[in-house]
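A closer look at the structure
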Amino acid sequence: MTDISTPHISKNWRDDFIVAMRTQDASGEQIGDALATIDAHCAESGESAEEAFGDPTAYATTLVPEPASGSGLGASFLVGVLMGLLGLLIVPRAVDDWVIGTPFAVTIGDAVALAVVLGLTSVVMALPRRVLPWLAKVKYSVAGLLGVALMAVLVLAMLFLTDVVAEFSWLVALVIGVGLLVASVTSTWRDLSTPDPVADPRSADAPPRRTQWLTALTFPILTMLILGIDALFRLAS
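Let's talk about the overall build of the protein chain
Check the secondary structure of the protein chain and you find eleven helices and four strands. Taking all 237 residues of the protein chain together, 38% fall into the buried category. Working note: accessible area of the protein chain is about 13000 Å², and carbon and sulfur atoms make up 68% of it.

Structure representation (structure tokens):
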């Protein structure tokens, strides 16, 4: 959330800068101070933000040389998303096995999906200062396509690489899946549960503070939606 007027900064530059600062784990207060300084400079010099400060993502990196203690969208948020995605894939299958009375079968496709998620998680955790700014620079459409592509890879691997490598109780799988969903909420909650709006240091009015708790519950909600749709299909058949 942003509560600061910056009439001398273009919207695109400002939005990219805010996202880049968030991925550097900067607080709303830090971002507000930086935007106020940039806006004041542009007003005095007549330069655009891009002319004066260059690429917004690169400039944001220079302002936060070390991770801050704010509540930005940092590595924990992306790790939470990956755990939520894995939980979303496991829980409906475990429930399906419970309904039809079969054990949960781990296939080669499952192993590939797990390896992909663990690999991406490791990259994000090992190189957050490179991965997160890069993600901040890509367009939302590109980010959406990357998300769809990742989901497609995981689903296709599970659909076509069906050789079973292990079997265990559906209950164990369900516990693991629910655990991943809970972990995803916990991991993203740190970034989203504490409101941290971008405040204008030039204004005495405190901005409204809203909790974006619904975002942290995205994957549990999607899982319940899939289970509900599956139940409706079973009742209709």
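After presenting the structure, the write-up continues.
Quick word on the pairing of strand E2 (residues 104–107)
Side chains of E2 alternate between two faces, with Phe104 and Val106 and Ala105 and Thr107 buried alike. For E2 and strand E3 (residues 164–168), the ladder comprises four bridges, and the chain directions are antiparallel. The residue bridging Val106 from the neighbouring strand is Ala166, located in E3.

With respect to the nonpolar core
Ranked by internal contacts, the top residues of the largest apolar core, which has 20 residues, are Ile90, Phe104 and Leu154. At the level of secondary structure, the elements contributing two or more residues to this core comprise helix H5 (75–100), E2, helix H6 (108–126), helix H8 (140–160) and helix H9 (170–192). Ranked by residues supplied to this core, first place goes to H5 with nine residues. When residues of this core are sorted by domain, at least three fall in each of domain 2 (72–103 + 169–236) and domain 3 (106–168). Sequence-distant contacts of Ile90, that is, excluding residues within four places in its chain, are made with Phe104, Ala173, Ile176, Gly177 and Leu180.

Topic: the side chain of Asp97
Looking at the secondary structure, you find Asp97 in helix H5. Buried charge without a partner: Asp97 forms no salt bridge, and the closest opposite charge is Arg93, 5.5 Å away. Setting aside anything within four residues of it in sequence, one finds Asp97 in contact with Thr102, Pro103, Phe104, Ala105 and Trp170.

Topic: the confidence of the model for the protein chain
Within the protein chain, residue pLDDT values average 79, and 75% of them lie at 70 or more. For residues 68–72, every residue scores under 50 in pLDDT, and the model assigns this stretch 20 contacts once sequence neighbours within four places are set aside.

Here we look at the packing of aromatic side chains
The tally for this structure, following the rule as stated, stands at six aromatic pairs. Where Trp13 meets Phe17, the ring centres are 5.3 Å apart and the plane angle is 15 degrees; that geometry is what we call stacked. In this pair, Trp13 and Phe17 both sit in helix H1 (residues 11–23), four residues apart, roughly one turn of the helix. Each member of the pair, Trp13 together with Phe17, is buried. When the ring of Phe53 is compared with that of Tyr59, the centres are 4.8 Å apart and the planes differ by 45 degrees; the resulting orientation is tilted. Grouping aromatic residues by their ring pairs yields a cluster made of Trp13, Phe17, Phe53 and Tyr59.

A closer look at the pattern of salt bridges
Scanning all chains against the criterion turns up four salt bridges. We note a salt bridge from Arg93 to Asp110, for which the minimum N-O separation is 2.6 Å. Taken as a pair, Arg93 in helix H5 and Asp110 in helix H6 lie far apart in primary sequence, 17 residues in all. Taking the relative accessible area as the measure of exposure, Asp110 reaches 11% and is therefore buried. Notably, a salt bridge pairs Arg234 with Asp96, separated by 1.8 Å at the nearest N-O pair.

Thoughts on helix H2 (residues 28–45)
Residues that lie three or four places apart on an α-helix share one face, since the helix turns once every 3.6 residues. Between its terminal C-alpha atoms H2 stretches 26 Å, which fits the 26 Å expected from 18 residues at 1.5 Å a residue. Of all the positions in H2, only Gly28, Ile31, Gly32, Ala34, Leu35, Ala36, Ile38, Asp39 and Cys42 are classed as buried. Downstream of H2 by one or two residues, Gly46 has phi in the positive range, about 80 degrees.

Notes on a nonpolar patch on the surface
On the surface, Ile108, Val112, Val155, Leu156, Leu159, Phe160, Leu161 and Val165 cluster together into a nonpolar patch covering about 690 Å² of accessible area. Those elements that provide at least two residues to the nonpolar patch are H6 and H8. Top element by residues in the nonpolar patch is H8. It accounts for four residues. Examined against the element boundaries, Ile108 turns out to sit in helix H6.

Thresholds applied
- Each chain carries its own residue numbering, running from 1 in the written order of its sequence.
- Where local features are concerned, this predicted model is filtered to residues with pLDDT of at least 70; where side-chain atom pairs are given and counted, the filter is 80 or more; whole-chain, interface and lining totals use all residues.
- Side-chain metrics in this entry use all non-hydrogen atoms of the structure; hydrogen atoms and water are not considered.
- Numbering goes from the N terminus for both helices and strands, where a helix is a DSSP run of H or I of at least four residues and a strand is a run of E of at least two.
- Three labels apply to residues, based on accessible area from a 1.4 Å probe with only protein chains included: buried if under 20% of the type maximum, exposed if over 50%, partly exposed otherwise in between.
- Using a 1.4 Å probe, the Shrake-Rupley method yields the accessible areas, and only the shown protein chains count as cover for residues.
- Each pair of strands is called paired provided DSSP finds at least two bridges between the two strands.
- Among buried residues, those of type Ala, Val, Leu, Ile, Met, Phe, Trp, Tyr and Cys that are joined through side-chain atoms within 4.5 Å constitute a nonpolar core.
- What fixes the domain bounds is an automatic or database domain assignment.
- Contacts are residue-level and defined by heavy atoms, with any inter-residue pair within 4.5 Å sufficient.
- Two residue types count as positive, namely Lys and Arg, and two as negative, namely Asp and Glu; His and chain ends fall outside the count.
- Salt bridges are defined as contacts in which a side-chain nitrogen from Lys or Arg sits within 4 Å of a carboxyl oxygen from Asp or Glu.
- Residue-level confidence of the predictor, termed pLDDT, takes values from 0 up to 100.
- Ring geometry is summarised as follows: Phe, Tyr and Trp rings, the Trp one being its six-membered ring, pair when their centres sit within 6.5 Å, and such pairs are stacked at plane angles under 30 degrees, edge-to-face over 60 and tilted between the two.
- Expected helix span is taken as 1.5 Å per residue step, with the number of steps being one fewer than the number of residues.
- Residues with no salt bridge and a relative accessible area higher than 30% make up the patches, which join like charges within 9 Å and nonpolar side chains (Val, Leu, Ile, Met, Phe, Trp, Tyr) within 5 Å.

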